[in-house]
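# A look at the structure
Below, each chain spelled out in residue letters.
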Amino acid sequence: KAKGKAKGKGKAKGKAKAKASGEEDAAAPKPKAKAKASLKSKIMADIGQRDIDEVLADAMKEVKACEEAIAAGEGDQKDIEAEIDQAKKAMEEASAKVEEATQKETLALEKLKA
C-alpha cells in the first residue's frame with residue numbers, strides 16, 4: 001500500500017504546545033527601562049556629600065588627563081604624518097629609478113634591433 005501525506009495529524013499537537021508556551025511568555029510582565037537621568041541629577045549623584053573643593057579638584061584632574069591624552073594623540077599624528085612623507089619620498093625615488101632603468105632597457109633594445 002502507498003502511504004499518503006499526513007494531513008496535519010501531528011502538527012495540531014505541536015501548534016497547541018507552541019501557543020501555550022507563547023501565552024506564558026506574553027503573560028510575564030517585562031521590566032520597564034529606566035529613564036535616562038538628567039545632567040543635573042548625574043552631577044548631584046556624583047557629588048553626593050563631598051565638599052565642593054574635592055569635586056572641583058577631581059574635575060580638574062580629569063580635564064588635565066584629557067588634555068594630556070589629546071596632546072599625546074596630536075604628537076602621534078605628527079609622527080605618522082612625517083613617516084608618510086618619508087615613505088612618499090622613498091616611493092618617488094624608487095619610481096625614478098624604475099623609470100631610468102626602463103629607459104636604459106628601451107635604449108638597449110633599440111641598439112640590439114639596429
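Predicted model only: the values in this text are computed from it and were never measured.

### Some thoughts on the overall build of the chain
Secondary structure summary: the chain contains three helices and zero strands in total. Along the chain direction, N to C, the helices and strands of the chain fall in the order α-α-α. Per-residue burial for the chain yields a buried fraction of 2% across its 114 residues. Carbon and sulfur atoms make up 59% of the accessible area of the chain, which amounts to about 11,400 Å² in all.

### Section: the pattern of salt bridges
Taken as a whole, this structure holds two salt bridges when the rule is applied. Across the pair Asp58 and Arg50 runs a salt bridge, and its minimum N-O distance is 2.9 Å. With its nearest N and O atoms 3.6 Å apart, the salt bridge here joins Lys104 to Glu100. With Lys104 and Glu100 both in helix H3 (residues 52-113) and four residues apart, the pair spans about one turn of that helix.

### Observations concerning the confidence of the model for the chain
Summary statistics for the chain give a mean pLDDT of 81 and a share of 69% for residues scoring 70 or more. Ranking the elements of the chain by mean pLDDT puts helix H1 (residues 11-27) last, at 55, and H3 first, at 94.

Reading guide: rules and limits
- Residues numbered from 1 in each chain as written.
- Predicted model: local features only at pLDDT ≥ 70, side-chain atom pairs only at ≥ 80, totals over all residues.
- Heavy atoms only, no water.
- Helix = DSSP H or I, 4+ residues; strand = E, 2+ residues; numbered from the N terminus.
- Buried < 20%, exposed > 50% of the residue type's maximum accessible area, 1.4 Å probe, protein only.
- Areas by Shrake-Rupley, 256 points an atom, 1.4 Å probe, with all protein chains shown as cover.
- Salt bridge = Lys/Arg side-chain N within 4 Å of Asp/Glu carboxyl O.
- pLDDT = per-residue confidence, 0-100.

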